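Residue-level listing of the chains:
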Protein chains: 2
Amino acid sequence: MTKTYARLTPLADSLPATVPFVGPETQERARGRAFAARLGANENTFGPSPKAVAAMAQAAQDVWMYGDAENFDLRSALAAHHRISPNNIMVGEGIDGLLGYLVRLMVGPGDVVVTSHGAYPTFNYHVTGFGGRIEPVPYKNDHEDPDALIATAAEVGAKLVYIANPDNPMGTWHDAGTIQRMIDTVPEGCLLALDEAYVEFAPDGTIPELAPDDPRVIRMRTFSKAYGMAGARVGYAIAAQDLITAFHKIRNHFGMCRISQAGALAALQDKDHLAVTLTNVADARHRIDSIARRNGMTTLPSATNFVAVDCGSDAAFAKSVLDALIEQDVFVRMPFASPQNRCIRVSAGRPEELDIFAAALPIALAKARG
Amino acid sequence: MTKTYARLTPLADSLPATVPFVGPETQERARGRAFAARLGANENTFGPSPKAVAAMAQAAQDVWMYGDAENFDLRSALAAHHRISPNNIMVGEGIDGLLGYLVRLMVGPGDVVVTSHGAYPTFNYHVTGFGGRIEPVPYKNDHEDPDALIATAAEVGAKLVYIANPDNPMGTWHDAGTIQRMIDTVPEGCLLALDEAYVEFAPDGTIPELAPDDPRVIRMRTFSKAYGMAGARVGYAIAAQDLITAFHKIRNHFGMCRISQAGALAALQDKDHLAVTLTNVADARHRIDSIARRNGMTTLPSATNFVAVDCGSDAAFAKSVLDALIEQDVFVRMPFASPQNRCIRVSAGRPEELDIFAAALPIALAKARG
């Protein structure tokens, strides 16, 4: 009989070894071939500010030093940027890392958390990982459903209710007033986790005013999307000071990469690059829409750096289209839940990547149809 | 009456907002003045390989992509380096991050963990943060005490027993045979966490043979010390495949910085730079010893990139010396627990930093003596 030395907790023992997303490199290794167009992870293929790249190259020489555990310079710059106090800001290892900390702070075995069915799987992974129970709410017309989310949160006594605005994977969004009403109606004892990863891409009128001392909501932002620094792992949370302070109970204080800290600081200051990126992304969204329509498909309006392309049939058909795109070296993904999984999700890539997508799509459709 | 929205778990609620170490930047801000010699965090002031710096500068341009969630290239290179299988290796966000994952996997409320009194506080922080109870074992002659650690683990039914070899904060070490005997006597139901952060600095005969399928031990290594990349946050664990796989249950799959992945890969391949670093560090240790002796002090033998300097009196005296060094812009730290806290801990810095230390020490001693 084998002896056991590593005794996992009952919770850890019950969890599957899993991954919320299969990464493109993993797929490339399985395929034995690189992707020609990397349009599946909503990365910003237009890249980071050259000033951020230069700052990171410079910081690489100083990487023998641990990063500043307080993220002081970056928090100060973010505070100035948002005109709020640095005490309302927590910088962390991407929104993924911050969501993990938030869930750890609030969710224990049996606690209930409300989110949309088919929304961000990494959030669900954290909730399950700490023993929480997900209460899913259906999308409504390809939008997350704020009223139903709040009503369900009240009904089940949820500790957390999650919404992404704009939404991933559909790209749809609600206006600021709708989200503010959501904040205003969060039931007592429940916190709204408002994931604004894509908010820089959204039209005016999408972002409720920052009221950082509002105890009802924590807002998550990132350098992974509009700032083009997904690989650097820099996100931040804006919340009431009590809640921000609670992160110090459990966070990995020296967990931030020093190079990433320097890069984010420089990226934040390069407003021109951000403006160019937003234009590039808007152009790419239009281009994806044109490509789709030329192939007899429609797209969903998007306030993000990706577009949900409606394949016009069921999930099996969308999956066939997706598979046939991947076969042609185009990395894309698709929503997990019905009926959103009639779509494929295409990131707003560079013109040369969208050329490849444009060439591959009709072939993929023909293959899926026949 | 204020309404509550963020309801923390009872465990999170019970934890203090804390930090295992106050970082040098935090101290600099409090002092209003930069340090002239950064010798307190056991950073490798000789810096990373120029090849690693170049690889990181290159990777900064590609930072719009998430890092490979499998850390495949780095794990493969590490596997070749150690002549083991990549399946026995887990790459993570520094040893701090990996210890956090390990504790989360194994330690729940009421579980007991054994470590030395005054050993690595970040490990204790993780244990407490998951509700575990620390059972501390005294040092013996400024060494961690393998026999007492194992005996205590058996006595209290510990799930984890931690030792760093070489040790931090004392720099002392045990030979491979002693550590192997520790592995061989770990009680059933208990895992040995062997922190080998400093092992590259140790003399031959310190490292027990890697037996990666041994279920009794998990070994932790890092790029923060000998490889001079503390700010990059790259560590790795070597353990039986079952235990490595368990990390996939809870880890932040896309948590690694892409730039750091590239840097670690390049650093691992630059064996010449590592050899030069080891020589530089050995020279610096000798220099610290000379400086100490010139001031009538002794040092402990060290197998790390720092030296514990015995101030020859009690903790209060050592603290006075430390304060007077900091006042002179020399960042150093000291052990937390008695009687080790009669020492100050000085990192093996560059000659110009040790010049500053050499000039500051007699003044600090005079001041401490009154």
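Residues numbered from 1 in each chain as written. Chains lettered and ligands numbered in written order. Predicted model: local features only at pLDDT ≥ 70, side-chain atom pairs only at ≥ 80, totals over all residues. Heavy atoms only, no water.

A. Region of interest: the relation of the copies chain A and chain B. Each copy superposes on the other: chain A lies on chain B with an RMSD of 0.0 Å after a rotation of 180 degrees and an axial shift of 0.0 Å. Look at the turn and shift together and you get a two-fold axis relating the two. Closest approach to the rotation axis among the C-alpha atoms of chain A is made by A:Ala57, whose C-alpha sits 2.1 Å away. A symmetric contact is evident, with 100% of the interface residues of chain A recurring at the interface of chain B. (Least-squares fit on C-alpha atoms with pLDDT ≥ 70 in both. Contact = heavy atoms within 4.5 Å.)

B. Up close: the sheet that holds strand 6 (residues 191–195) of chain B. All names here are of chain B. An order of 2-8-7-6-5-3-4 is seen for the seven strands of this open sheet, with the pairing classed as mixed. Two strands lie at the open edges of the sheet, namely strand 2 (89–92) and strand 4 (133–137), each paired on one side alone. Each adjacent strand pair in this sheet contributes to an overall mean axis angle of 20 degrees, direction not counted. Bridge count for strand 2 against strand 8 (residues 235–238) is four bridges, and the pairing is antiparallel. Across the sheet, the residue bridging to Gly92 is Gly235, located in strand 8. The strands touched by helix 7 (residues 146–156) are strand 3 (112–116), strand 4 and strand 5 (160–164); relative to strand 3, the strand with the most contacts, the crossing angle is about 165 degrees. On top of the sheet, helix 8 (residues 176–185) reaches strand 5, strand 6 and strand 7 (217–222); it is set at about 155 degrees to strand 6, its chief contact. (Pairing = 2+ DSSP bridges. Helix = DSSP H or I, 4+ residues; strand = E, 2+ residues; numbered from the N terminus. Axes fitted to C-alpha atoms, helices over the stretch in contact; angles between N-to-C directions.)

C. Structural view of helix 10 (residues 258–269) of chain B. Residue and element names in this part refer to chain B. Given a rise of 1.5 Å per residue, 12 residues ought to cover 16 Å, and the 17 Å separating the end C-alpha atoms of helix 10 matches this to within 8%. Counting buried residues in helix 10 gives nine out of 12 residues, a clear majority hidden from the surface. Along helix 10, the positions that sit buried rather than exposed are Arg258, Ile259, Ser260, Gln261, Gly263, Ala264, Ala266, Ala267 and Leu268. (Expected span 1.5 Å × (residues − 1). Buried < 20%, exposed > 50% of the residue type's maximum accessible area, 1.4 Å probe, protein only.)

D. Examining the sheet that holds strand 12 (residues 343–347) of chain A more closely. Residue and element names in this part refer to chain A. One open sheet holds the three strands; their spatial order is 9-10-12, and the pairing between them is antiparallel. Edge positions in the open sheet fall to strand 9 (298–299) and strand 12, since each of these has one partner strand only. The sheet contact formed by strand 9 and strand 10 (residues 306–310) spans two bridges and is antiparallel. Residue Thr299 lies in a different strand from strand 10, and its bridge partner there is Val309.

E. Highlighting the domain arrangement of chain A. Residues and elements named next belong to chain A. Entries for chain A in the domain assignment read domain 1 (22–47 + 272–369) and domain 2 (50–269). Relative placement of domain 1 and domain 2: their C-alpha centres are 25 Å apart. Contacts between the two partners involve 26 residues from domain 1 and, on the opposite side, 23 residues from domain 2. Each partner contributes to the roughly 2,000 Å² buried at the junction of domain 1 and domain 2, and carbon and sulfur atoms together form 65% of this total. Our count for the contact surface shared by domain 1 and domain 2 stands at one salt bridge. Arg342 serves as the salt-bridge partner of Asp142, at 2.6 Å between the closest nitrogen and oxygen. Here domain 1 and domain 2 share nine residue pairs in polar contact (both at pLDDT 80 or more) between them. Counting residues per element, the ones that place at least two in the side of domain 1 that touches domain 2 are helix 11 (271–294), strand 10 and strand 12. Residue contributions to the side of domain 1 that touches domain 2 peak at six residues, all from helix 11. Across the side of domain 1 that touches domain 2, the residue classes tally to 13 nonpolar, nine polar and four charged. (Domains from an automatic or database assignment. Buried area = accessible area lost by both parts, 1.4 Å probe. Salt bridge = Lys/Arg side-chain N within 4 Å of Asp/Glu carboxyl O. Polar contact = N/O pair within 3.5 Å; in protein donor to acceptor, adjacent residues only side chain to side chain. Nonpolar A, V, L, I, M, F, W, Y, C, P; charged D, E, K, R; others polar.)

F. Examining the interface of chain A and chain B more closely. Contacts between the two partners involve 87 residues from chain A, matched on the other side by 87 residues from chain B. For the pair chain A and chain B, the two sides together bury roughly 7,100 Å², of which 60% comes from carbon and sulfur. Sorting the residues of chain A by area buried against chain B places A:Tyr5, A:Trp64 and A:Tyr66 first, and these three jointly supply 13% of that buried surface. Along the contact surface separating chain A from chain B lie six salt bridges. A salt bridge links B:Asp68 to A:Arg29, with the nearest nitrogen and oxygen atoms 3.1 Å apart. Counting across the interface, chain A meets chain B through 58 residue pairs in polar contact (both at pLDDT 80 or more). Counting only elements with at least two residues in the side of chain A that touches chain B, the list comes to helix 1 (10–14), helix 2 (24–31), helix 3 (50–60), helix 5 (94–106), helix 6 (121–129), helix 9 (241–247) and helix 10 (258–269) of chain A. Counting residues per element, the side of chain A that touches chain B draws most heavily on helix 5 of chain A, which supplies five residues.

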